[in-house]
Amino acid sequence: MSPVVVLVGAPGSGKSTIAALLAERLKATHRDTDADIEARAGKPISEIFVDEGEPHFRELERAAIVEALKDDGEVLSLGGGAILDPATRADLAGHTVVFLDVSLGEASKRVGLSVARPLLLGNVRTQLRNLMEARRPLYTEVAKLTVLTDSKTPDEIADEILEHL
Ligand code: S3P
C-alpha cells in the first residue's frame, strides 16, 4: 500500500545514495522517480527540460509520484522539486517521509560547484541558495523526520533513519 520510506531534499542532499543504501539494508527495492521519468521518456531529464520545458517535466514528475506511491515496500527517492506540487505534498501526508537536510556549502560541493571560480559559479550558487531557502518550509511540512547530513557518512545517515522506522 505504500513505500517503506520516502526521501526528499534539495539537489546534493544525498537522496539517491542514501535510498540505495537503505534499500540494501532493508532488502527492498530502491525506486527513484527521476529514473522512472527518464525511462518512460527515453531521454535524460536535462533534455526533457530543454525540449519540453519545466511545466511538462513537472507533469511527468507528478504522474511518476502517483504511480510510485501505490507500490508496496519500496525505498523511494523523489526529485528535489517534487514537493513544489501541493497535490504531492498532500499525498505525502500519510507516508514516512524523511527530509535530508544539507547546508548550501555542502550541497554545492556535492553537485560539483567548486568555490574555486566564484565569478563563474556565483550565479548558480545564488540560484541553489534561493531554491533551498524557498523550499525548506515545504520539505519540513511533509517530513516526519529531518536528518542533517553535513559531516555524516552515508552509513551514519542510514543508521539514523533506520532507528526511526
Ligand atoms: C530538480 C531536481 C532534480 C530533478 C530535476 C529538477 C529540482 O533531482 O528532479 O532536475 O527542481 O530541484 P535531484 O534533486 O535528484 O537533483
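It should be emphasised that the depicted structure is a prediction, and the values quoted were computed from it without experimental measurement. (Residues numbered from 1 in each chain as written. Predicted model: local features only at pLDDT ≥ 70, side-chain atom pairs only at ≥ 80, totals over all residues. Heavy atoms only, no water.)

K.L.:
I tried to follow the side chain of S13 on my own but got confused; where do I start?
P.N.:
Tracing the backbone shows S13 in the loop between β1 (5–8) and α1 (15–26). A residue is classified by how much of its surface remains accessible, and S13, at 1% relative accessible area, is buried. Looking at S13, its side chain comes within polar contact range of the main-chain oxygen of A10, at 2.7 Å. In this structure, S13 is in contact with L100, V102, R110 and T149, ignoring residues within four places of it in sequence. (Helix = DSSP H or I, 4+ residues; strand = E, 2+ residues; numbered from the N terminus. Buried < 20%, exposed > 50% of the residue type's maximum accessible area, 1.4 Å probe, protein only. Polar contact = N/O pair within 3.5 Å; in protein donor to acceptor, adjacent residues only side chain to side chain. Contact = heavy atoms within 4.5 Å.)

K.L.:
Help me understand the site of the ligand in this model?
P.N.:
The local shell around the ligand consists of P11, K15, D34, I45, F57, R58, G79, G80, G81 and R135. Contact between the ligand and R58: an oxygen atom at 2.7 Å from a side-chain N or O atom of the residue. For the ligand, the accessible surface in isolation is 390 Å², of which the surrounding protein chains cover 75%. Of the pockets mapped on this structure, the ligand occupies the largest pocket. Residues of the shell around the ligand, tallied by class, amount to three nonpolar, three polar and four charged. (Near = heavy atom within 4 Å. Areas by Shrake-Rupley, 256 points an atom, 1.4 Å probe, with all protein chains shown as cover. 1 Å grid on protein atoms, 1.4 Å probe; cavity = no way out; pocket = protein on both sides within 12 Å on 5 of 7 lines; lining within 4 Å. Sits in = over half its atoms within 2 Å of the grid points. Nonpolar A, V, L, I, M, F, W, Y, C, P; charged D, E, K, R; others polar.)

K.L.:
What should I look at first to understand the pairing of strand β5 (residues 145–148) in this one?
P.N.:
Both faces of the sheet carry side chains from a regular strand, because those side chains alternate between them. Across the two faces of β5 the burial differs, with L145 and V147 buried and T146 and L148 not buried at all. For strand β4 (residues 97–101) and β5, the ladder comprises four bridges, and the chain directions are parallel. Bridging across to β5, D101 finds its partner in L148. (Pairing = 2+ DSSP bridges.)

K.L.:
Can you help me understand helix α2 (residues 33–41) in this one?
P.N.:
An α-helical turn contains 3.6 residues, so a residue and the one three or four places further along point in the same direction. Those residues of α2 that sit buried are T33, D36 and I37. In a view along the axis of α2, the buried residues occupy a sector of 100°, so they form one face of it. Buried residues along α2 sit in contact with β2 (30–32), α3 (45–52), α4 (54–68) and β3 (75–77). Where α2 begins, the side chain of D32 points an oxygen toward the backbone nitrogen of D34, at a separation of 3.1 Å. Of the residues flanking the end of α2, it is G42, one or two places downstream, whose phi is positive at about 70°. (Arc of directions from axis to C-beta.)

What is shown is where atoms sit, not what they do.
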